[in-house]
Each structure stands twice: as C-alpha cells, then as structure tokens.
Amino acid sequence: MKTGRINNVILSLTIVVVALLTLTLFVIDHDDDSSTKGKLVKNPTNNSIIPDFSAIADVAEKKRAFFDYLRPAISHHNAIIADERKFLLDSQQHMQDDQSLSQAEEFRILELASKYQFSMRTVTAEALDELIVRVDIVPENLVLIQAANETGWGSSRFAREGLNFFGQWCFKKGCGLVPQSRNAGANHEVAVFKSVDESVGSYMKNLNSNGAYAVLRAIRADLRAQEKPITANKLVYGLMNYSERQGAYVEELLEMLRHNDQFLVATNA
C-alpha cells in the first residue's frame, strides 16, 4: 500500500514538473521579440509591444485581431469628442435662451476652437455653430477600414515602427520615419506616435480640423440635421483628398467596407 501511495505521489509530482516546464517554454517563446512564431513584436522606436499581425496565418483571425486592437482607442476618443460636443451644444442652447455664458464656459469654448484649428476670437452664435460642425464623432467602421487600408492590416513598416496606422505625415526633420519611396526634393516624414491611442486621436483630430476634409464634416452635419445615422458608407465620400488616388481610393474603401462587414462587428457585441 505504501509503495502504491509513493508511486502516486511521484507520478503527481512528475505531472506538475512537466506542466511547469511546458508553461516556462511557452512564456519564453512568446516573450522572445525576435521570434517569428510569436504574435508580439517590439516597436523599435519606443519599445512598446504590439501584435505581429503579419505572423497570423489565418486571414479571418488576423482581421479580427487587427480590428480588436484598435477598437479601445477609437471608443476612447469618440467618447471624448462626444463629451466635447455635448458641452458645446449645451452652450449653444444657453445662448439661444439668452443666457450669459460664464467665463469658464467661454474659456473652454475657445480652448476647443484652438484644438480643432478654428479661428475664434470671441464666442458668437455663428462661430459656435461652425465649431460644432467640427466637433463630432468618427464612425468606428470608417476608422478601422482606413487603418486596414493604410497599413495592409497592420503589417506596414510605419505601423510596426511608428504606431502610425493612418499614414499621417509630419514636416520637421527627424519628426518621424523617412519613406523609402519619397520623391527627390520632398521633405515630409511619416509621423511616429507613442501609442495606438495617440495615433487614433491624431487621426480623428485631423479629420475634424483639416480643411481638406471639410466635405466629410459637411456630410456629417447634414446627416445630423436630418436626424440620420452617421455611417462610414456616407462619410467615406468626404475622404477624396486623403489620397492622391482620390475617387479610386474612395471606391477601394467602399469595397473594403462591403467585403469586411462580418469583421467590422465587434466580437463582444
């Protein structure tokens, strides 16, 4: 009986040791940034760890992983924008009700005008109306599809090394990554971001402030006026100036929206 018990104890200990060794080897394999078998890679620019989307062989899995990686940042910045918009709409209502704005209220309005690159020296009803057009959400599907298009589903050098998921440029020497195919005489670089959150925030601010996307904002404002949903399929036509390919670029995004409809639905929805 004692021998049987001892053998059982030895067998149990052996199983535990084997399990621990297996777990250790798994952690080492997945923590080795130089390994092509893992699904994480180290960003050499800021040492952040990001998914290695190119290592995911299954296309459907890759698409879901890429979208799920971006969703928290999109949700975060749309929540910030929604809060800013509510504040501006409340201030607009105060003015329509002939209520005086507080100094704090005016100060925040001017701060938002500066953030969204809108010239406003004094707060007037007309100026506030124009600012509200800029301060509005960007549909999640539009953000996801543009990121997929601009980065080849997260596999581009700019996404991996600069956490730049939208091809945004900067123009100060050393501000980012120099494109290998940059034309002679050009001085732009591809911006580098500290986090995916910062990248998404910069992209949304660009759409909401840059004059090149005034049409996008006008489409969105018109949908608001008609009390219709703000959708990617509608706003995409305002991205004509996002690429030199213009109409062909918009058509490509529309096709991607149609083709990837099943992946654009959040997995936890």
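Our subject in this report is the structure included herewith.

This part is about the pattern of salt bridges. Oppositely charged side chains can form a pair if their charged atoms are brought close together. In total, this model carries 11 salt bridges according to the counting rule given. Among the ionic pairs, aspartate 83 bridges to arginine 108, the shortest N-O distance being 3.2 Å. Here aspartate 83 is found in helix 2 (residues 59-96), whereas its partner arginine 108 is found in helix 3 (residues 103-115), with 25 residues between them in sequence. As a salt-bridge pair, lysine 86 and aspartate 90 come within 3.0 Å of each other at their nearest N and O atoms. Of the two residues, lysine 86 and aspartate 90 are both situated in helix 2; the distance of 4 residues between them amounts to about one turn of the helix.

Looking now at the packing of aromatic side chains. For the structure on display, the rule yields 10 aromatic pairs. Ring plane angle 50° and centroid distance 6.3 Å describe the contact between phenylalanine 66 and phenylalanine 165, whose orientation is recorded as tilted. Here phenylalanine 66 is found in helix 2, whereas its partner phenylalanine 165 is found in the loop between helix 6 (157-162) and strand 3 (169-170), with 99 residues between them in sequence. Comparing phenylalanine 66 with phenylalanine 165, the two get one shared label, buried. Consider the rings of tyrosine 213 and tyrosine 242, whose centres lie 5.7 Å apart with planes at 35°: the pair is tilted. Linking tyrosine 213 in the loop between helix 7 (196-209) and helix 8 (214-225) with tyrosine 242 in the loop between helix 9 (232-235) and helix 10 (247-259), this pair joins segments that are 29 residues apart in sequence.

What follows is about the environment of glutamate 252. Locating glutamate 252 in the fold gives a position in helix 10. As a C-alpha pair, glutamate 252 and glutamine 146 span 106 residues in sequence and 10.0 Å in three-dimensional space. The contacts of glutamate 252, once residues within four sequence positions are left out, are Asn149 and Arg245. Side-chain polar atoms of glutamate 252 contact the side chain of arginine 245, separated by 3.2 Å.

Turning to helix 8, a few remarks are in order. Its 12 residues place the ends of helix 8 16 Å apart at the C-alpha level, agreeing with the 16 Å of an ideal helix rising 1.5 Å per residue. For helix 8, the complete set of buried residues consists of Leu216, Arg217, Arg220 and Leu223. Viewed along the axis of helix 8, the buried residues span an arc of 120°, placing them on a single side of the element. At the C-terminal side of helix 8, glutamate 227 shows a positive phi close to 55°.

Moving on, we come to helix 7. For helix 7, with 14 residues, the first-to-last C-alpha span of 20 Å sits near the 20 Å given by 1.5 Å per residue. The buried fraction of helix 7 is high, at 10 of 14 residues. Those residues of helix 7 that sit buried are Val196, Ser199, Val200, Gly201, Tyr203, Met204, Asn206, Leu207, Asn208 and Ser209. Elements in contact with the buried residues of helix 7: helix 2, helix 4 (125-134), helix 5 (140-151) and helix 8.

A few words on the environment of tyrosine 242. In this structure tyrosine 242 comes out as buried when scored by relative accessible area, which is 14%. Along the chain, tyrosine 242 and phenylalanine 166 lie 76 residues apart, while their C-alpha atoms are 9.9 Å from each other. Ignoring sequence-local partners within four residues, the contact set of tyrosine 242 consists of Gln146, Glu150, Phe166, Gln168, Tyr203, Asn206, Leu207, Tyr213 and Tyr249.

What counts, and where the lines are drawn
- Residues numbered from 1 in each chain as written.
- Predicted model: local features only at pLDDT ≥ 70, side-chain atom pairs only at ≥ 80, totals over all residues.
- Heavy atoms only, no water.
- Salt bridge = Lys/Arg side-chain N within 4 Å of Asp/Glu carboxyl O.
- Helix = DSSP H or I, 4+ residues; strand = E, 2+ residues; numbered from the N terminus.
- Phe/Tyr/Trp six-rings, centres within 6.5 Å; stacked < 30°, edge-to-face > 60°.
- Buried < 20%, exposed > 50% of the residue type's maximum accessible area, 1.4 Å probe, protein only.
- Contact = heavy atoms within 4.5 Å.
- Polar contact = N/O pair within 3.5 Å; in protein donor to acceptor, adjacent residues only side chain to side chain.
- Expected span 1.5 Å × (residues − 1).
- Arc of directions from axis to C-beta.

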